[in-house]
Amino acid sequence: MDSEARTASNIQYSDDSNVYKWVPLSLTLVEYPEGDIIGKLFALISLAPFGIAAGFVALILFRRDLHTVTFFLGTICSEALNYILKHLICEKRPLHREDVHVEYGMPSSHAQFVSFFASYIMYFVFIRLHHMNNNTIIENISKILIIVSSMTVAVLVCISRIYLHYHTVSQVLWGVIVGFLFATAWFALTSLVLTPLFPHIVTW
């Protein structure tokens, strides 16, 4: 974040009786070292979870596919689990930032989010799509591209959180582990319990 934005975040506005302190919305605020091109690139990459979430909403609105809905519900539950873990462990981030209102960093929510997403995509492609018998060369190449692109985004987001000093290596690694384990459990729940109920739910 540049110096003007940092100064603006501390501006106080006053009228006759009240004093207001203006603060940024920390949900999408990402800082990077001034003049660091790589840092700026990683800052943009670290916003990937918000793009993924927007994609979920678009797919749900236009396709109304129940599996997409359960996938999205899984990401929400994963984020809720991350919030609980952070406030139970209460481990600080490596660098204190005044604009980050939740200073707990164990496990990394970004790492957990992308790990859950990439792991679920992997299970979906290898297990669910495999049963559809679409084994042409084009289909196989598209499956590989989907998995590789998901994993690449996940790795880059994890690296960005360490590079920008939002999390330690252990916080990111535990985020990846928790995201993978929760994706495994959620995919099993979706496949074994929820999917058989989909035809009945559609009749509603």
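Our structure is the block above this text.
Overview of the structure. (Residues numbered from 1 in each chain as written. Predicted model: local features only at pLDDT ≥ 70, side-chain atom pairs only at ≥ 80, totals over all residues. Heavy atoms only, no water.)

### A few points about helix α5 (residues 109–128)
Moving on, step 1. If you check α5, its first and last C-alpha atoms are 27 Å apart, about what 20 residues at 1.5 Å a residue would give, namely 28 Å.
Moving on, step 2. When you tally the buried positions in α5, you get 15 out of 20 residues, the bulk of the element.
Moving on, step 3. The opening residue of α5 is Ser108, an N-cap whose side-chain oxygen sits 3.5 Å from the backbone nitrogen of His110. (Helix = DSSP H or I, 4+ residues; strand = E, 2+ residues; numbered from the N terminus. Expected span 1.5 Å × (residues − 1). Buried < 20%, exposed > 50% of the residue type's maximum accessible area, 1.4 Å probe, protein only. Polar contact = N/O pair within 3.5 Å; in protein donor to acceptor, adjacent residues only side chain to side chain.)

### Observations concerning the packing of aromatic side chains
Moving on, step 1. For the coordinates displayed, the defined rule picks out 10 aromatic pairs.
Moving on, step 2. Ring centres 5.7 Å apart and planes at 10° place the aromatic pair Phe71 and Phe117 in the stacked group. Of this pair, Phe71 sits in helix α4 (residues 66–89) while Phe117 is found in helix α5, placing the two residues 46 residues apart along the sequence.
Moving on, step 3. A relative accessible area of 8% means that Phe71 is categorised as buried.
Moving on, step 4. Take Phe117: its relative accessible area is 18%, and that puts it in the buried class.
Moving on, step 5. Taken together, the ring pairs connect Phe71, Phe116, Phe117, Tyr120, Tyr123, Phe180, Phe182, Trp186 and Phe187 into an aromatic cluster.
Moving on, step 6. In this structure, Arg161 packs its charged tip against the face of Tyr166, placed 4.4 Å from the ring centre. (Phe/Tyr/Trp six-rings, centres within 6.5 Å; stacked < 30°, edge-to-face > 60°. Lys NZ or Arg CZ within 6 Å of the ring centre and 35° of its normal.)

### Thoughts on the side chain of His110
Moving on, step 1. With respect to the helices and strands, the residue His110 is situated in helix α5.
Moving on, step 2. For His110, the side chain forms a polar contact with the main-chain oxygen of Ser46, separated by 3.2 Å.
Moving on, step 3. Those residues in contact with His110 that sit more than four places away from it in its chain are Ser46, Pro49, Phe50, Val157 and Arg161. (Contact = heavy atoms within 4.5 Å.)

### Remarks on a nonpolar patch on the surface
Moving on, step 1. A grouping of Ile38, Val155, Leu156, Ile159 and Tyr163 is seen on the molecular surface, where their side chains present a nonpolar patch of about 400 Å² in accessible area.
Moving on, step 2. Take the nonpolar patch: its biggest share by element is four residues, from helix α6 (residues 137–163). (Patch = residues over 30% accessible without salt bridge, like charges linked within 9 Å, V, L, I, M, F, W, Y side chains within 5 Å. Areas by Shrake-Rupley, 256 points an atom, 1.4 Å probe, with all protein chains shown as cover. Salt bridge = Lys/Arg side-chain N within 4 Å of Asp/Glu carboxyl O.)

### Remarks on the nonpolar core
Taken as a class, soluble globular proteins show a tendency for nonpolar side chains to be buried jointly.
Moving on, step 1. Core analysis: the biggest nonpolar cluster contains 29 residues, and Phe71, Val114, Phe116, Phe117, Tyr120 and Leu164 have the highest contact counts within it.
Moving on, step 2. Breaking this core down by element, the ones donating at least two residues are α2 (37–45), α3 (48–63), α5, α6 and α7 (169–194).
Moving on, step 3. Take this core: its biggest share by element is 10 residues, from α5.
Moving on, step 4. Beyond its immediate sequence surroundings of up to four residues, Tyr120 is in contact with His67, Thr70, Phe71, Ala183, Trp186, Phe187 and Thr190. (Core = buried A, V, L, I, M, F, W, Y, C linked by side-chain atoms within 4.5 Å.)

### A look at the packing of α2 against α6
Moving on, step 1. Running from N to C, α2 and α6 cross one another at 125°; their axes reach a closest spacing of 9 Å. The angle between the axes of α2 and α6 places the two elements in the oblique class. Note on packing geometry: the crossing formed by α2 with α6 is left-handed. In this structure, α2 uses Ile38, Gly39, Phe42 and Ile45 to contact α6, whose residues at the interface are Leu156, Val157, Ile159, Ser160 and Tyr163.
Moving on, step 2. Looking at the contact of α2 with α6, its residues break down into seven nonpolar, two polar and no charged. (Axes fitted to C-alpha atoms, helices over the stretch in contact; angles between N-to-C directions. Parallel < 35°, antiparallel > 145°, perpendicular 65-115°, else oblique. Left-handed = near helix turned anticlockwise from the far one by under 90°. Nonpolar A, V, L, I, M, F, W, Y, C, P; charged D, E, K, R; others polar.)

### Let's talk about the side chain of Ser150
Moving on, step 1. Turning to its location among the elements, Ser150 is positioned in helix α6.
Moving on, step 2. Under the relative-accessibility criterion, Ser150 is labelled buried at 10%.
Moving on, step 3. At 2.8 Å, the side chain of Ser150 forms a polar contact with the backbone oxygen of Ile146.

What is shown is where atoms sit, not what they do.
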